[in-house]
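Structural overview for review
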Amino acid sequence: MSEPLIASKFCKSLAISPAVHGIKHSRRCQPGETISVATSNLQALPRSCSPIPRTRWGRMKLLGAVLLAAGLLGTAARGEQPPWPDEPSRTCFFQTLSSVDSEFCRGDLEIIYPELGDVGCTYIPKCHQYRRRISREWGSPRVRYPQAKKSKKYVLVLVDPDAPSRANPRNRFWRHWLVTDIPGADLRTGDIAGHVLTDYVRPTPPPRSGYHRYQLRLYEQPAHEAVALSPEERVSLGAWAMESFVERFQLGSPVASTQFLTKYYED
């Protein structure tokens, strides 16, 4: 895989906006921190400045070009080498998923962790111990779906289809979270409340098992339908027959879905 272009800027307090060619979410940098963003096909600045684009996408493209130009000009003026990942404690790279894995992400469903923001359709970076923290420290994420209907209720499912590994997923789907009866109004704000059938289980890929997909699916819950796990399903989290569960309660296809990838934090 070829190295991506790097947009870098030295800052004291800078918020990176979302949707700039590979920037999936926003995160405020720490004092004195170098922010680097993995990008592709970043466009150069125009010769003459035109009015600020009216669309959000246009503004984000302009911001990406400004960051790239500022970083490269700054390092050139100081006679420094471009900032590559030789200082992992200071530099963070956020990589979006491949085209195959990104096809799973549909419907603008957001899964939001502390410091990282929305991790949908991204790899969890190793820098700043984010992989360890998502596996050992952080609790359940916020889940936001702006298109949720206030009059409806929803079912939320988080699974690992790659247990114990993507090459040998004999225990798929490993159930990490299952919540029913979620009001649509809660999903609009990201602070969900509902009937928890399976408490949140942190992503914990085994050592040397490679990247695991953590897939979040959101279903519209049929009216007056009581959704529950069978006694057999409650016994174990692994090798869950998710498709049978969905079919049993006539949940249909997800209204939205997203996923992130991570692996054992010491690998």
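Residues numbered from 1 in each chain as written. Predicted model: local features only at pLDDT ≥ 70, side-chain atom pairs only at ≥ 80, totals over all residues. Heavy atoms only, no water.

**As for the pairing of strand S9 (residues 212-220)**
What counts, and what does not: The buried label goes to any residue with under 20% of its type's maximum accessible area, the exposed label to any with over 50%, and the partly exposed label to all in between, with areas taken from a 1.4 Å probe on protein chains only. Note on conventions: DSSP H or I runs of at least 4 residues are helices, E runs of at least 2 residues are strands, and numbering of each starts at the N terminus. DSSP bridges decide pairing: two strands pair if at least two such bridges lie between them.
Buried residues dominate S9, accounting for eight of its nine residues. The pairing of strand S6 (residues 153-160) with S9 spans six bridges and is antiparallel. By the bridge assignment for S9, Val-155 is matched with Tyr-219. Of the pairings in the sheet, the one linking S9 to strand S10 (residues 256-262) comprises seven bridges and is antiparallel in character. Looking at the pairing, His-212 lines up with Thr-262 of S10.

**Some points on the pairing of S6**
Counting buried residues along S6, seven of its eight residues qualify, which places the element largely inside the surrounding structure. Inspection of the sheet shows S6 paired to strand S7 (residues 174-183) by seven bridges, in the antiparallel sense. Paired with Lys-153 across the two strands is Pro-183, which belongs to S7.

**A word on the nonpolar core**
Quick reminder of the rule: Grouping buried Ala, Val, Leu, Ile, Met, Phe, Trp, Tyr and Cys residues that are joined through side-chain atoms within 4.5 Å yields what is termed a nonpolar core. Contacts are assigned to residue pairs that have any heavy atoms within 4.5 Å of one another.
Ranked by size, the top nonpolar core spans 28 residues in total, and within it Tyr-113, Leu-116, Tyr-130, Leu-156, Leu-187 and Phe-260 carry the most contacts. Mapped by element, the contributors of at least two residues to this core are strand S3 (110-113), helix H3 (130-136), S6, S7, S9 and S10. What Leu-156 contacts, discounting residues up to four positions off in sequence, is Val-143, Trp-177, Leu-178, Val-179, Ile-182, Ile-192, Leu-216, Arg-217 and Leu-218. With 14 residues, the next largest nonpolar core counts Tyr-219, Met-242, Val-246 and Phe-249 among its residues.

**Examining the pattern of salt bridges**
The condition that has to hold: Salt bridges are identified by distance alone: a Lys or Arg side-chain nitrogen within 4 Å of an Asp or Glu carboxyl oxygen.
Scanning all chains against the criterion turns up nine salt bridges. Where Asp-101 meets Arg-166, a salt bridge forms, and the shortest distance between an N and an O atom there is 2.8 Å. Of the two residues, Asp-101 sits in helix H2 (residues 99-102) while Arg-166 sits in the loop between S6 and S7, which places them 65 residues apart along the sequence. When its relative accessible area of 7% is taken as the criterion, Asp-101 is described as buried. Arg-142 is the partner of Asp-191 in a salt bridge, and the nearest nitrogen-oxygen pair spans 3.3 Å. Of the two residues, Asp-191 is situated in the loop between helix H4 (184-189) and strand S8 (195-198) and Arg-142 in strand S5 (residues 142-144); the sequence distance between them amounts to 49 residues.

**Remarks on the environment of Gly-238**
As for its placement among the helices and strands, Gly-238 is situated in the loop between helix H5 (231-235) and helix H6 (242-248). According to the relative accessible area criterion, Gly-238 is buried, its value standing at 13%. Counting along the chain gives 75 residues from Gly-238 to Ala-163, while the straight-line C-alpha distance between them is 7.9 Å. With near-sequence residues (within four places) excluded, Gly-238 lies in contact with Asn-171, Phe-173 and Trp-174.

**Let's talk about the state of the cysteines**
The bond known as a disulfide is covalent and runs between the sulfur atoms of two cysteines. Where we set the bar: A pair of sulfur atoms, both from cysteines and within 2.5 Å, is called a disulfide here.
Scanning the entire structure with this criterion turns up two disulfides. Each disulfide pairs two cysteine sulfurs, and for Cys-92 the partner residue is Cys-127, the sulfurs being separated by 1.7 Å. Taking the sign of the S-S torsion, about 70° here, the bridge from Cys-92 to Cys-127 comes out right-handed. Here the residue Cys-92 occupies a position in the loop between helix H1 (56-78) and H2, and Cys-127 occupies one in the loop between strand S4 (117-118) and H3, the gap between them amounting to 35 residues. By relative accessible area, Cys-127 is classed as buried at 11%.

**Structural notes on the confidence of the model for the protein**
What counts, and what does not: The predictor attaches a confidence to each residue, called pLDDT, with possible values from 0 through 100.
Per-residue pLDDT for the protein has a mean of 78; in total, 66% of the residues score no lower than 70. In this model residues 1-52 is a low-confidence stretch, pLDDT under 50, and it forms 124 contacts with partners more than four residues away in sequence or in other chains. Long-range and interchain partners of residues 75-89, a stretch whose pLDDT sits below 50, account for 12 contacts in this model, where long-range means more than four residues apart.

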